[in-house]
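Summary of structural features
What follows is the residue order along each chain.
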Amino acid sequence: MDVFVARQPILDSQGHIHAYELLFRESMDNYFKSGDGDSATSSLISSSFFLMDFNKLTMGKPAFINFTANLLREGMATLLPKNQVVIEILEDVEPDPEVVAACKSLKEKGYQIALDDFVFRPDYRSLIQLADIIKVDFRATQSYELQALIKRLNELNIRFLAEKVETLEEYEKAKDFGYGLFQGYFFSKPNIVQGKDISSNKLNYLRLLQQVNSQDVDIDKLEKVIRADISLTYKLLKFINSSAFGLNSQISSIKQALTLLGPKEVKKWASVIVMGKITDGKPDALAIQSYVRASFAEKLSAKVGLGSMDSNAFLLGLFSLIDACLDRPLAEILQELPIEVPVKNALLGQPNGYRYLLELIIAYEQGNWSVVNRLLNKFSIKEECVPQYYLQALQEAHELNQ
C-alpha cells in the first residue's frame, strides 16, 4: 500500500535537531478509510516502518510516534525499535490500569515515553511517573502555567517540550522558562533586525547558486565565483578528491573538478555548502529543510506544469526559508537575490504556478492532507507519486549531510 508521511523537527536549546515527529496517513484523504481507527493506525505504523528506510526518513534521529489507548494495550509499540522511537501518548488516553501497565512494561523494555498536549491532572500521576518527556502546547497555555508545570514536576527526571512554537521570540521565551525541547514552525519566520545586510561572502554564495541553477551552466563563470572564495575552493577540491569518487590521480584544478562532477552533482554540492554557510549560527533544521524543499520542488515541477523550469523550482524551495536564515524581511532579501521574477513573486505570496507548488510542499511537510489533496486535484497529480518524491528528497538530504 502507499504510505504518506510528513515529519516535523524537534529541536534542542542549541537549535540542533533532536528528533522528528512522524505524521502518517493511508492516503491524501484526511481520515482513515477503515471503520476501525485503531486497526487502521496499527496497520499504517507497521507498514510504514517496514516499507520505508526508516533511518533515512529520520536522518538517524529518534521518531515520535502517536499511540492510542488500544494500541498501547495491544503492545503495538514493541514492533518498533526502542532506540529509534519515542512512544507519544495522545492527550485523550485515560490512565486506566491496563494503559499504565502497558506503559510500565515499555519503560522496563527501554522505550522512551512522551505525554502529548499535557495539562496537569492529579489522576495522571501514574503516567507522569513513567514519562521521559512532557509536551505542552505553548500557545494554548498561559505563561504562568508553563512555568508552574516545570516547578511542580521539578523533582522528576523529565524533559519538557514546548510545541506549537511559531516564532523565534517564542522559542527564546520557552528556553527562559526552562523548556529544553521545541517543536513548531518558528524557524520559518524571521527575527527582524533593522539595518542588517548580507555579507559579501554570503552574496558570493548566492551568486554560486545562481550559476549552478542556470539553464546552461557556464563553467568559466562558475570557476570565477568559486575561485573568489578560498573556503569554496578547498571544499570543492576536497570533495572531488574524496574516496567516494575513487579517482586514480589528484585533482587540483577547479575547472577540472567541475567538469568531472557535472552540473547535477555540482548543484547538490553547492546547495549543501551554501545553505550551511547562510544558516551558520541558526538551527540546522533550516539548512536540511531548505534542501529537502528544493529537491522536492524540483521533482514535482513537471507535475504542476513547470517541467522545463525545474531549476527555478529548486531555487524556490531552497530560498523559501531565506528570511529566517538571514534575519531580514523577505522582500528586502529578494531584491538582492539573482532569481527570476515569478519565483520572487511566489516567495512573496503572489499566486502563480510556483506559489501553488510551494503551498503544496509546505502543506505536505505539515501533514495538512486536506490542502495537499486539494492542490493535487487542481493539477491532476496522482497522489502515489508525491510520497515517493518526498522520500527521495529526504534520502538525498540524508546522504548529503553524512
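For the structure, see preceding data.
These numbers come from a predicted model, not from an experiment. Sequence order sets the numbering: in each chain, residues are counted from 1 along the sequence as written. Side-chain atom pairs in this predicted model are given and counted only at pLDDT of 80 or more, local residue features only at pLDDT of at least 70, and totals for whole chains, interfaces and linings cover all residues. With hydrogens and water stripped out, all remaining heavy atoms of the structure feed into the side-chain values.

It is worth spelling out the environment of Leu-80 at this point. Starting at the N terminus, helices and strands are each numbered in turn, a helix being any DSSP run of H or I of at least four residues and a strand any DSSP run of E of at least two. Tracing the backbone shows Leu-80 in the loop between helix 3 (69-73) and strand 4 (85-89). Summary of the burial criterion: residues with accessible area below 20% of their type's maximum are buried, those above 50% are exposed, and those between are partly exposed, where the area comes from a 1.4 Å probe applied to protein chains only. Residue classification places Leu-80 among the buried residues on the basis of a relative accessible area of 4%. When the C-alpha atoms of Leu-80 and Tyr-111 are compared, they prove to be 9.6 Å apart, with 31 residues separating the residues in sequence.

What the second largest pocket holds in volume is close to 260 Å³. Along the walls of the second largest pocket sit 17 residues, with Pro-263, Lys-264, Lys-267, Glu-298 and Asp-310 positioned nearest its centre. Those elements that place two or more of their residues in the lining of the second largest pocket are helix 11 (254-278), helix 12 (284-300) and helix 13 (310-318). When the residues that make up the lining of the second largest pocket are grouped by side-chain class, the tally is 5 nonpolar, 5 polar and 7 charged. In this analysis the probe radius is 1.4 Å and the grid spacing 1 Å, with only protein atoms considered; a cavity is a set of points the probe fits into but cannot get out of, a pocket is an open set with protein on both sides within 12 Å along at least five of seven lines, and lining residues have an atom within 4 Å of a point. Grid points are joined across faces, edges and corners, and a volume is the space filled by probe spheres set on the points. Ten residues, namely Ala, Val, Leu, Ile, Met, Phe, Trp, Tyr, Cys and Pro, are considered nonpolar, four, namely Asp, Glu, Lys and Arg, are considered charged, and the remaining ones, Gly among them, are considered polar.

Our focus in this paragraph is empty space enclosed by the protein. For the coordinates displayed, the defined rule picks out 1 cavity of 30 Å³ or more. For the largest cavity, the calculated volume is near 100 Å³. Considering the residues around the largest cavity, the lining is formed by Arg-7, Pro-9, Ile-17, Tyr-20, Ala-285, Ile-288, Gln-289, Val-292, Glu-365, Tyr-390 and Leu-394. Going through the elements one at a time, strand 1 (4-12), strand 2 (17-25), helix 12 and helix 19 (385-400) are the ones with two or more residues in the lining of the largest cavity. In terms of residue class, the lining of the largest cavity is made up of 8 nonpolar, 1 polar and 2 charged.

Another aspect to go through is a nonpolar patch on the surface. Patches here: salt-bridge-free residues with over 30% relative accessible area, like charges joined within 9 Å, nonpolar side chains (Val, Leu, Ile, Met, Phe, Trp, Tyr) joined within 5 Å. With residues, only the protein chains shown are counted as cover, and all accessible areas are computed by Shrake-Rupley using a 1.4 Å probe. In the sections that follow, a salt bridge refers to a side-chain nitrogen of Lys or Arg positioned within 4 Å of a carboxyl oxygen of Asp or Glu. On the surface, a nonpolar cluster with roughly 250 Å² of combined accessible area is contributed by Phe-245, Leu-247 and Leu-260. For Phe-245, the location among the structural elements is in the loop between helix 10 (230-240) and helix 11. Judged by relative accessible area, Phe-245 falls into the partly exposed class, the value being 31%.

Throughout the structure, instances matching the rule amount to 19 salt bridges. Residue Arg-121 pairs with Glu-94 through a salt bridge whose shortest N-O separation is 3.0 Å. Of the two residues, Arg-121 sits in the loop between strand 5 (112-115) and helix 5 (125-128) while Glu-94 sits in the loop between strand 4 and helix 4 (97-108), which places them 27 residues apart along the sequence. Residue classification places Glu-94 among the partly exposed residues on the basis of a relative accessible area of 41%. Here Lys-299 ties to Glu-396 by a salt bridge, and the two come within 2.8 Å at their closest N and O atoms.

Time to look at the nonpolar core. Take the buried Ala, Val, Leu, Ile, Met, Phe, Trp, Tyr and Cys residues and link them wherever side-chain atoms come within 4.5 Å; each set so joined is a nonpolar core. With 130 residues, the main nonpolar core has Leu-72, Leu-115, Ile-134, Tyr-179 and Leu-208 as its most contacted residues. Tallying contributions element by element places helix 11 first for this core, with 11 residues. Counting residues domain by domain, this core receives three or more from each of domain 1 (4-188) and domain 2 (200-401). If near-sequence neighbours (up to four positions away) are discounted, Leu-115 is found in contact with Ile-89, Tyr-124, Leu-127, Ile-128, Ala-131, Ile-133, Ile-134 and Lys-135. Residues Ile-10, Ala-19, Ile-133 and Leu-181 belong to the second largest nonpolar core, which totals 8 residues. Domain start and stop positions are those given by an automatic or database domain assignment. Pairs of residues are marked as contacts when any of their non-hydrogen atoms sit within 4.5 Å.

The next point concerns helix 7 (residues 168-177). For helix 7, the complete set of buried residues consists of Leu-168, Glu-170, Tyr-171, Ala-174 and Phe-177. Just beyond helix 7, the residue with positive phi is Gly-178, at close to 110°.

Moving on to the pairing of strand 5. The rule for pairing is simple: two strands pair if DSSP sees at least two bridges between them. Sheet topology note: the strand 4/strand 5 ladder contains 4 bridges and is parallel. Residue pairing across strands places Val-86 opposite Gln-112, the latter belonging to strand 5. With the strands aimed away from the viewer, a crossover counts as right-handed if its path from the first strand over the helix to the second runs clockwise. As a crossover connection, the stretch from strand 4 through helix 4 into strand 5 is right-handed.

In this analysis, rings of Phe, Tyr and Trp, with Trp reduced to its six-membered ring, are considered paired at centre separations within 6.5 Å, and the interplanar angle assigns stacked below 30 degrees, edge-to-face beyond 60, and tilted for intermediate values. By the definition in use, this model includes 10 aromatic pairs. Ring geometry for Phe-160 versus Tyr-179: centroids 6.1 Å apart, planes at 75°, classification edge-to-face. Highlighted residues: Phe-160 in strand 7 (residues 159-163) and Tyr-179 in the loop between helix 7 and strand 8 (181-183), separated in sequence by 19 residues. You can call Tyr-179 buried: its relative accessible area is 2%. Grouping aromatic residues by their ring pairs yields a cluster made of Phe-296, Tyr-364, Trp-369 and Tyr-390.

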